[in-house]
Structure formats: structure tokens, C-alpha cells
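So the chains spell out like this:
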Amino acid sequence: MKLNKNIKIFVNYFLGPILFIWLAWSIYKQISAQEDIGTALQHIKNAFTGPEIAYLIAAILLMPVNLGLESYKWMLAVRRVQDISLGKAFKAVFSGVAFSISTPNSLGDYVGRVLYMDDGKRIKAISLTIVANISQLIVTILMGALALFFLKNTLTKSDLLSTIFVNTVLSSSVLALIILLLFYFRLPWLVRIIDNLPQFKKFSWITEAVEHVDATLLVRFLSLSIGRFVIFSLQYFLLFKLYGVEINVFECWMSISVMFLVMTAIPTIALFTDVGLKNELSIRLVGLFSSNHLGISFTSLSVWLINLVIPALIGSILILGIKNILKDRNKHE
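If you're wondering where the values come from, they're calculated on a predicted model, not measured in any experiment.

Asks: Please clarify how the overall build of the chain should be interpreted in this entry.
Replies: In terms of regular secondary structure, the chain is built from 13 helices and zero strands. Along the chain, helices (α) and strands (β) appear in the sequence α-α-α-α-α-α-α-α-α-α-α-α-α when read from the amino end. Relative to its full complement of 333 residues, the chain shows a buried share of 47%. Once local pairs closer than 6 in sequence are excluded, the contacts in the chain between residues at least 24 apart make up 72%. Of the roughly 17200 Å² of accessible surface on the chain, a fraction of 69% belongs to carbon and sulfur atoms.

This is the structure:
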């Protein structure tokens, strides 16, 4: 336990900040080398006082739509153990974002959500949340693999990556996608096998809820996950327009899809390395089509603020409320 605590302290307070500083320096060098940086900066200043501000407003309004889809998906998932309203699911998702901001690969998201579940049902809710999240992972890998297939010639010709490396990543992504899909649509079968193993029998009560998830629900999870991916991509495209990054819809989709694919394979901390790494990847990938590195960087930062920081602040307020409710409940008990 102490070792895990020391590792967490090392990652959160030493490794995370060091990686953030290194990424920030790398981004600064790339932006400062931009020839027309003065023009790009002036465009950004003008955008906030001109009609282009509509792009920013649209991107912000898409945030609750995005989280609304995630809330609905989570509500459908945990309904197997407890009926909750969409409004309560919305609060749970916001609280999950607040917890996830300082944990590797947003693992704290599970903790924030299950605060809204009744005692005795929280562990089961986590197992169902994992199933719902796998659907998002499948969509991310699918889109990333497709985008990498279309983008591989551009990547190799630009000397950003070697042909061997791109083909290896592409093959690995396809293999991972096939395995995930096989397990995803055979969850009841997989759970029964695990339950029959002697060392896992005592945990069968946890996976019991997953065993009754049907294919129809799994397809709905995938549909909602695709919707969320479309919204993410649209937010990037709108903000690219705001900051004067000349890129079409297809180029935007390819760049963002490959970026998300890479991010799934790298452990990150949202508060530090997540924003820096996404910024670095955006500049390198979108930079294949646009030299406006400043605009690309502003886009990544804006998406981070809209989709993570603002929801995390809202979630923090909601967590204070749920903590007070739990305290009052414990007092009466």
C-alpha cells in the first residue's frame, strides 16, 4: 500500500510536472518557429470580437451534448443494478470528470460516478461502467485505425514516422480491435468462464450484472460512443475555424482520430501531461496540413478547457453537495 502511495506521489508531483514542462518547451519551440506567427496571433485576437466567436459558442454548447450522451449511456448501463434518472446520471458524469482530472488515464472517473449509487451496488456499477467504457475504446481504435490507414502515406512521406512503424501500429490496432470486439459481444460467455475458475468464484457477485447485458444494449453503447466521437471531432473542427487553421473536415478527422488512438496507448494525467501531449500530437498531426501551429495549440488548449476543466469545476461543486448528503445520512444511521 505504501509503495503504491509513493508511486502515486512520484507520478503526480514529480513525473507529471516534469513531462508537462518538457512538452510545453517543445510546443513553445514549434510555435516560435512559425514564420507568420504575428498574423496568426492577430487573427486569434480578431476572432474573439468578430463573427468567428460563433465557432467558440458552438464548441462550448456541444460540451453538455457530449456529456449528455455519456450520461445516457451510463444510465442504461447501471440500470441493471439500480434505476437512476438522467439528471442524476448527468451529475455522476460531471463528478467523475472532477475525480479523473488528477488520476492516470482518468481512472478516478469510476470513483466519482459511483458516489451516486446506493451502498452495496457500487462495485457492480463499476463493472458495468467498464463495459460501457469499452464501447468508447472500440470506437476510438476503429476510427484511429481507419484514419491511420488513410494518413500513412502522408506520415511516411513527411518523415514523421517510418513505414515499418506505421504498419506495426496499424496491424496492432486492427488486432486489438478484433480481440476487443470478440470479447465485447461475448461478455456473458466470458463472464461464465471466469466465474467457473476457482480463484474467481468468490467475486462472481461482482460480474453477475455484466452476465445479463445483451447484444442490443451493447450496440446502443457503440452508437452513443460514435456520437460522442463525432462531437469531439466537430469541436476540434469548429475551433480550428475560430483560430484560423486551414484544414478540411476529412483532414481534421484523420488527425484527431490518430491523436486519440495514440492517447489510448499512453498513460497520462489529465491535469499535466494530457493537455501537453494532446497539444504536441495536434501540432505534429494537424501540422501535416497547416503551418498555423499557434492556432493548433490554441485549439488543443480550448478543447481541454471546455471538455475537462469546466466540467471538472462543475463536478467539484456537485461532489461537495453529495458529500454533505452522505454525511447527513451517516449521522441519521
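Here the narrative resumes.
Asks: Would you mind going over a nonpolar patch on the surface with me for this structure?
Replies: On the surface, Leu142, Leu146, Phe149, Phe150 and Phe250 cluster together to form a nonpolar patch covering roughly 470 Å² of accessible area. Looking at which element gives the most residues to the nonpolar patch, the answer is helix H6 (residues 122-157), with four residues. When you line up the elements, Leu142 lands in helix H6. Given the relative accessible area of 36%, Leu142 is considered partly exposed.

Asks: Help me understand the pattern of salt bridges in this model?
Replies: Oppositely charged side chains can pair when the atoms bearing their charge come close. The full count for this structure, using the stated rule, is eight salt bridges. One salt bridge connects Glu70 with Lys73, and the closest N-O pair in it is separated by 3.2 Å. With a gap of three residues between them, Glu70 and Lys73 both fall in helix H3 (residues 53-78), about one helical turn apart. Connected via shared salt-bridge partners are Glu70, Lys73, Asp109, Arg113 and Arg228.

Asks: Mind showing me how you'd approach the packing of aromatic side chains here?
Replies: What characterises a pair of aromatic rings is the spacing of the ring centres plus the angle enclosed by the ring planes. Tallying each qualifying case throughout the model produces 11 aromatic pairs. When the ring of Tyr236 is compared with that of Phe240, the centres are 6.1 Å apart and the planes differ by 45°; the resulting orientation is tilted. Here Tyr236 pairs with Phe240, and both are found in helix H10 (residues 215-242), just four residues apart, close to one helical turn. Here the two residues Tyr236 and Phe240 agree in accessibility, since each one is buried. Members of the aromatic cluster, each reached through a chain of ring pairs, are Phe229, Phe232, Tyr236, Phe240 and Phe260.

Asks: Teacher, can you tell me more about H10 here?
Replies: The periodicity of an α-helix, 3.6 residues per turn, causes residues three or four places apart in sequence to face the same way. Between its first and last C-alpha atoms H10 spans 41 Å; for 28 residues at 1.5 Å apiece the expected length is 40 Å, and the two agree. Of the residues flanking the start of H10, the one acting as N-cap is Asp214, its side-chain oxygen 3.3 Å from the backbone nitrogen of Thr216. Just past H10, the residue Gly244 takes up positive phi, approximately 75°.

Asks: Sorry, what's going on with the packing of H6 against helix H7 (residues 163-184) here?
Replies: The description of two helices packed together rests on the angle between their axes and the distance between the axes. Where H6 meets H7, the closest approach of the two axes is 9 Å, and the angle between their N-to-C directions is 155°. Relative to H7, the element H6 is oriented roughly antiparallel. Of the two possible hands of crossing, H6 and H7 adopt the one that is left-handed. Counted by class, the contact of H6 with H7 contains 17 nonpolar, five polar and one charged residues.

Asks: How should the layout of surface pockets be read in this particular structure?
Replies: Unfilled space is identified by rolling a water-sized probe across the atoms. If you add up the space inside the second largest pocket, you get close to 460 Å³. Contributing to the lining of the second largest pocket are 20 residues, with Leu161, Phe165, Val258, Val262 and Leu281 lying nearest its centre. Of all the elements in the fold, those that place two or more residues in the lining of the second largest pocket are H6, H7, helix H11 (249-265) and helix H12 (270-286). In terms of residues, the lining of the second largest pocket owes the most to one element, H11, which gives five residues. Per-class residue counts for the lining of the second largest pocket are 17 nonpolar, two polar and one charged.

Criteria and thresholds
Residues numbered from 1 in each chain as written. Predicted model: local features only at pLDDT ≥ 70, side-chain atom pairs only at ≥ 80, totals over all residues. Heavy atoms only, no water. Helix = DSSP H or I, 4+ residues; strand = E, 2+ residues; numbered from the N terminus. Buried < 20%, exposed > 50% of the residue type's maximum accessible area, 1.4 Å probe, protein only. Contact = heavy atoms within 4.5 Å. Areas by Shrake-Rupley, 256 points an atom, 1.4 Å probe, with all protein chains shown as cover. Patch = residues over 30% accessible without salt bridge, like charges linked within 9 Å, V, L, I, M, F, W, Y side chains within 5 Å. Salt bridge = Lys/Arg side-chain N within 4 Å of Asp/Glu carboxyl O. Phe/Tyr/Trp six-rings, centres within 6.5 Å; stacked < 30°, edge-to-face > 60°. Expected span 1.5 Å × (residues − 1). Polar contact = N/O pair within 3.5 Å; in protein donor to acceptor, adjacent residues only side chain to side chain. Axes fitted to C-alpha atoms, helices over the stretch in contact; angles between N-to-C directions. Parallel < 35°, antiparallel > 145°, perpendicular 65-115°, else oblique. Left-handed = near helix turned anticlockwise from the far one by under 90°. Nonpolar A, V, L, I, M, F, W, Y, C, P; charged D, E, K, R; others polar. 1 Å grid on protein atoms, 1.4 Å probe; cavity = no way out; pocket = protein on both sides within 12 Å on 5 of 7 lines; lining within 4 Å. Points joined across faces, edges and corners; volume = space filled by probe spheres on them.

Any link to function would need more than the numbers given here.
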